[in-house]
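Coordinate inspection notes
These are the residues of each chain, in order.
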Amino acid sequence: MSVDIDKTGPQDAKPAGPEAIKAIPVRHYGRYVSAVLAIGILVSIVYAFSQGRINWGAIPDYFFDDRILDGVVETMWLTLLSMAIGIIGGIVLAVMRLSTNPVTSSIAWFYIWFFRGTPVLVQLFLWFNLGLVFEYINLGPFYKDQWSDFMTPFLTALLGLGLNEAAYMAEICRAGLLSVDEGQTEASHALGMSHSKTLRRIVIPQAMRVIVPPTGNEVINMLKTTSLVSAVQYYELFKQASDIGQTSGSPVEMYFLAAAWYLVVTSVLSVGQYYLERHYAKGSTRTLPPTPFQKLKAALSLRSLAR
Amino acid sequence: MTTPMVKAENVHKSFGHVEVLKGIDLEVAPREVFCLIGPSGSGKSTFLRCINHLEQISGGRLSVDGELVGYREKGGKLYELKDSEVALKRRDIGMVFQRFNLFPHMTALENVMEAPVQVKRESKAVARERARKLLDRVGLADKAGNYPSQLSGGQQQRVAIARALAMEPKLMLFDEPTSALDPELVGDVLDVMRGLAEDGMTMIVVTHEMGFAREVGDSLVFMDEGVVVESGNPRDVLTNPQHDRTKSFLSKVL
């Protein structure tokens, strides 16, 4: 539909656009008041803690202690490995639960029912004490040992946390798989792709957008849940800190120290999660969200407060 | 007499207690453009989906290029095909959906390359080369690197056609390919389909585009409530319908 207009169209006209509006912006007085109030409360809380009967000097003394650093490394390893078991197990269980085969879906249902329904601490003790039921572990010619020697604290911790996590991850993954439009599966099948290829190439990559955020939550949860494995004599951050606390006579201080380390690791993990989410947003949004760095820059420009 | 590309004999399909197809008989010859029209709920999309076994028929016989869909016949008995055998047959049948169903996490080019690389084990270089040619053919050579969310509906549907063609099918199924498009974008998609028809592709098209059916179609079937009401040359059926049901439908859509 082309309408003939004379050649002095908007392009040719002088750029005498409308003048920018000069108006007094709405003042957000409430923001200033609440910011002052919040800072005031924070300062008074910090002051109260600094005046308490807590030996703050002990924390920097031990912050980079070898035992604490060892504990941090062990905690991170344990988190990483048990999450790996959890995620792989979770995807397998989710696929099993959504299967049309009644046997596999029932097995998955039962697994999830059991591992979600019992406390993880009890599960840890169960693995630790399974020697009461199976005295030996016997894998024919490959391996034979007493259960109590085989089940080291590390293996107990790994199995206990990982298998428990798999049950939770299964539900997260199932939600992710269900979130992908059925038309995607149909289109893939119509092209001659097999079930497993459809899952791997088409459905799971799209499900990841739904799976990643709650999984980030699970990782952070796991990081802190690892403190439970001190109960089965595994030396991770929490166990190391409480041991130091008992020998150095500043137990509460050492718990604060451990908490500070958990906060540090959590912060690092949150940044990682953000980039992972950006990766899986590929194709779903027209422009990728800003990186935390870009966000920080924007937040630091004072205009955002006044706006 | 050549083998028909698609042959349906008394095809029935039920979802639970609801019978959607109540005995469909039709034949589609090779190189034919076969149009299916009818009101929504008449079973035309369901029938189309039966042809590549996205739905399983519950009665009758349906064959593509002389081979039964979903079954193997041996000694007078029918054996259900395994999933892998069904997948093998689907390679030769391209399908284009109303809602495009492009893979949103892949670029247009990757969408077209996916099946040849993953299913036919073609090398990426070969697949990429042909994918570029196909995108060029549907007029989207410059959109190869775009994700589906960055394309208009008409562009997405043309990528979807290129994706189906990448498997070099002998039969193309179109399930209301222009129904989800803005009116001004319909023409581009129909042009691509017209080009395909001229190249001799066998096509079954479920459509509401009567103009396309009249100009491009070789045969036309009007379906209603799970049965074929009327069939024949598109120009004859559309201009001079014999049944009252066809007349009343056409008076509403033309």
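Please read these numbers as outputs of a predicted model, since none were measured by experiment. Per chain, residue numbering runs from 1 following the sequence as it is written. Note on labels: chains are lettered from A, ligands numbered from 1, in written order. With the structure being a predicted model, the display of local features is reserved for residues of pLDDT at least 70 and the display and counting of side-chain atom pairs for 80 or more, all residues being used for whole-chain, interface and lining totals. Neither water nor hydrogens contribute to the side-chain values; these are computed over all heavy atoms in the structure.

**Re the environment of Phe-134 of chain A**
- Secondary structure is summarised from DSSP: a helix means a run of H or I of at least four residues, a strand means a run of E of at least two, and numbering begins at the N terminus for each. Within the secondary structure, Phe-134 of chain A sits in the loop between α5 (120-128) and β1 (136-138).
- For Phe-134 of chain A and Trp-147 of chain A, which are 13 residues apart along the polypeptide, the C-alpha to C-alpha distance reads 6.8 Å.

**Re the confidence of the model for chain A**
- A residue's pLDDT is the confidence the predictor assigns to it, expressed on a 0 to 100 scale. The pLDDT averaged across chain A works out to 87; a share of 89% of its residues lies at or above 70.
- The contact definition used throughout considers only heavy atoms, calling two residues in contact when any of these lie within 4.5 Å. Between residues 1-13 of chain A, whose pLDDT stays under 50, and residues either more than four places distant or in other chains, the model counts one contact.

**Some thoughts on the confidence of the model for chain B**
- Averaged over all residues, the pLDDT of chain B is 94; the fraction at 70 or higher stands at 100%.
- Listed scores for the predicted complex are pTM 0.81 and ipTM 0.94.

**Remarks on the pattern of salt bridges**
- Salt bridges are identified by distance alone: a Lys or Arg side-chain nitrogen within 4 Å of an Asp or Glu carboxyl oxygen. All told, the structure shown has 22 salt bridges over all chains when counted by the stated rule.
- Here Glu-171 of chain A makes a salt bridge to Arg-174 of chain A, at a shortest N to O gap of 3.2 Å. You can see Glu-171 of chain A and its partner Arg-174 of chain A sitting in helix α7 (residues 153-179), three residues apart, about one turn around the helix.
- For Lys-44 of chain B, the salt bridge goes to Glu-176 of chain B, with nearest N and O atoms at 3.8 Å. Here Glu-176 of chain B lies in the loop between β9 (171-175) and α6 (183-198) and Lys-44 of chain B lies in helix α1 (residues 44-51), a separation of 132 residues in the sequence.

**A few points about the UniProt feature "transmembrane region" (unreviewed entry) in chain A**
Residues and elements named next belong to chain A.
- UniProt positions are given in the numbering used here, feature names are shortened, and annotations may be inferred rather than shown by experiment. Per the UniProt annotation, the sites labelled "transmembrane region" (unreviewed entry) are residues 32-50, 76-96, 108-128 and 255-276.
- Overall, residues 32-50 shows 100% helix and 0% strand. The separation of its end C-alpha atoms is 27 Å.
- The distance separating the terminal C-alpha atoms of residues 255-276 is 31 Å; by composition the span is 100% helix and 0% strand.

**Focus on the interface of chain A and chain B**
- On the side of chain B, 27 residues touch chain A, which itself brings 21 residues to the contact.
- Note: buried area is the sum, over both parts, of the accessible area (probe 1.4 Å) each one loses when the two are combined. Taking both partners together, chain A and chain B bury about 2,100 Å²; carbon and sulfur atoms supply 55% of that area.
- Applying the counting criterion to the chain A and chain B interface returns two salt bridges.
- The shortest N-O distance in the salt bridge between Arg-201 of chain A and Glu-114 of chain B comes to 2.7 Å.

**Side note on the UniProt feature "domain: ABC transmembrane type-1" (unreviewed entry) in chain A**
- The UniProt entry lists residues 72-273 of chain A under the feature "domain: ABC transmembrane type-1" (unreviewed entry), expressed in the numbering used here.
- Helix makes up 78% of residues 72-273 of chain A and strand 3%, whereas the separation of the span's terminal C-alpha atoms amounts to 20 Å.

**Description of the sheet that holds strand β4 (residues 59-64) of chain B**
All names here are of chain B.
- A pair of strands is treated as paired once DSSP finds two or more bridges between them. Taken in spatial order, the four strands make up an open sheet running β2-β1-β4-β5, and their pairing is antiparallel. The open sheet is flanked by β2 (18-28) and β5 (67-68), the only strands paired with a single partner.
- In the sheet, strand β1 (residues 6-15) pairs with β2 via eight bridges, with the strands oriented antiparallel. Its bridge partner being in β2, Phe-15 is matched across the sheet by Val-18.
- Axis lines are fitted through C-alpha atoms, for helices just across the contact stretch, and the angle between N-to-C directions can take any value from 0 to 180 degrees. Running at roughly 65° to β2, α1 makes contact with β1, β2 and β4 of the sheet.

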